[in-house]
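Survey of secondary and tertiary structure
Below are the chains, spelled out letter by letter.
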Amino acid sequence: MPQIDILSGQTFNDIHVLMGKYQADRLFNGISDPKQEQFTSFVKNEILSRCTERDQRFVFKEVIPTGSFREHSVISRKTNYGNYIEHEFDFMLSLNKLDFDALSVPYSSNDSIECDPNLAFRQIALKGGEWQDCCSVVDGVYFLNTGMILNVFQKVIGEVMDEMMVKEESLSPGCIVITRNGPAITIDFDVARLPAEMQEPYPEDWESVTLRKASYNVINNWSVDLVLCLECSRDNLSSDKGTDVFGHWKGRNKQWPSEAVQRDILKSSCHLVPKTVSNDAPLTWRLSTSKAELLVADNIHQHFKVVQNVWLILKAVIKTHIDWPKMITSYHLKTVIFQTTERIQPDYWNEGNAAGLFLGVLDALINGLGTKKIAHYFLSGVNLLSNHVSRDHLNTLLETLLKVRSKPMLYLASTPNANTFLTDLL
């Protein structure tokens, strides 16, 4: 007797067979490592080195690739300009020349925020004077202001890209757009904005990456998110209440990852990024556990192909069918994948149980939206669903998710596969 999903009335085997047709993005993630390495080299050698030349305070202790490319969870897609592939690369840039204390955030229980901000935010009090032009002074203490330091960094990035575009490559100024998105400075390159005679690809036998070459042999259309960050010791990040960053995660009952991976996670560094707790709190910096999250994603990629495949398929379904309102981000999905996976014995995650994981993650997303709470994977006291989210938007999203959950094969069958998108990259 075949196992049947009670809610949809469809067999797990039928759902599994349909999921098995989604091969393209699995192939793509098999070649993403060299693309990431090439682009990382381009960002370090061509962009960031020039930023340091213009402002010597922008010296980076570490450049950390993050995001979908690094986590092997890329969904390839066409742009509006023919067959060009478009992808986003993400980097955290750990600043080297900063001496600081990470202090607790002044907080009253009457503040209109959902929880104690000290679970995930700190203020940065400088010990030296090199960054005083990016500070706000409170009671004689120089606190690093997120908006001010991002303004300086965006200006430097703009000058560097203008020089690369116009002076070195004779590119049209409009082919690159620089914007600020939350804590990130985003560089968008659109090859379709170039004159037609400049849109011919470079040959494959090139070595160094330049601005134009980055748009062809590395990737066609691309964007880069550059996020400044400050590495912190665990002691420095602990609040005056003695909170351990990974304390709750360490203590909860988990079936996965292995003890060896857990030890590596507990040794990993944390960072502060320039994202504020609210618009009127420019001196607050958000705690990032990106390095620990990369260890979890790497473990999935190396040992749990079924989980990774379900991750890719769900991303494709969400991008196709749940594009608006845009409330389920890649970060939400990654978090729910991690949470769902850790509750089950690792030997359960084989091909025969892929449909169960697919439906289980959908159920977890529905539950999270219904209760208006998706907890951060490591900082469980932090809710990733803002208390400012519109209830109407939540209800619209819930309605769509319930439709997908009640007819999973219909929505799987109508989600485009990406086989035809890969020809420019392979």
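Going by the structure above, here's the rest.
The notes below deal with the structure included here. (Residues numbered from 1 in each chain as written. Predicted model: local features only at pLDDT ≥ 70, side-chain atom pairs only at ≥ 80, totals over all residues. Heavy atoms only, no water.)

1. Quick word on the packing of aromatic side chains
Here the distance between the centres and the angle between the planes together describe a pair of aromatic rings. Inclusion rule: Aromatic rings from Phe, Tyr and Trp, taking only the six-membered ring of Trp, are treated as a pair when their centres fall within 6.5 Å; an angle between ring planes under 30 degrees marks them as stacked, one over 60 as edge-to-face, and anything in between as tilted. Working definition: helices are DSSP H or I runs of at least four residues, strands are E runs of at least two. Numbering for both runs from the N terminus. When accessible area is computed with a 1.4 Å probe and restricted to protein chains, residues below 20% of their type maximum are described as buried, those above 50% as exposed, and intermediate ones as partly exposed. Two limits define a charge over a ring: the Lys NZ or Arg CZ must be within 6 Å of the ring centre, and within 35 degrees of the ring normal.
Tallied over the full model, the rule gives 15 aromatic pairs. A ring pair is formed by Phe-246 and Phe-378, whose centres lie 5.1 Å apart and whose planes are at 80°; its orientation type is edge-to-face. One end of the pair, Phe-246, is in the loop between helix 7 (234–237) and helix 8 (247–251); the other, Phe-378, is in the loop between helix 13 (354–371) and helix 14 (391–406), with 132 residues separating them in the sequence. Phe-378 matches Phe-246 in its accessibility class, with the two residues each being buried. A ring pair is formed by Tyr-377 and Phe-378, whose centres lie 4.9 Å apart and whose planes are at 70°; its orientation type is edge-to-face. By relative accessible area, which is 2% here, Tyr-377 ends up buried. Ring pairing ties together the aromatic residues Phe-246, Trp-249, Trp-311, Phe-338, Tyr-377 and Phe-378, which thus form one cluster. The lysine or arginine in question, Arg-252, covers the ring of Tyr-377, its NZ or CZ lying 5.0 Å from the ring centre. We note Lys-254 situated over the ring of Trp-249; from NZ or CZ to the ring centre the distance is 4.4 Å.

2. Focus on helix 11 (residues 305–321)
Which entries qualify depends on this criterion: To estimate the expected span of a helix, count its residues, drop one, and scale the result by 1.5 Å.
Between its first and last C-alpha, helix 11 extends 24 Å over 17 residues, near the 24 Å set by a 1.5 Å rise per residue. Counting buried residues along helix 11, 13 of its 17 residues qualify, which places the element largely inside the surrounding structure.

3. Some thoughts on the nonpolar core
Put simply, the rule reads: Among buried residues, those of type Ala, Val, Leu, Ile, Met, Phe, Trp, Tyr and Cys that are joined through side-chain atoms within 4.5 Å constitute a nonpolar core.
Core analysis: the biggest nonpolar cluster contains 108 residues, and Leu-144, Phe-153, Leu-226 and Phe-358 have the highest contact counts within it. Judged by nonpolar contacts, the second largest core, of seven residues, contains Ile-64, Ala-184, Val-227 and Leu-294.

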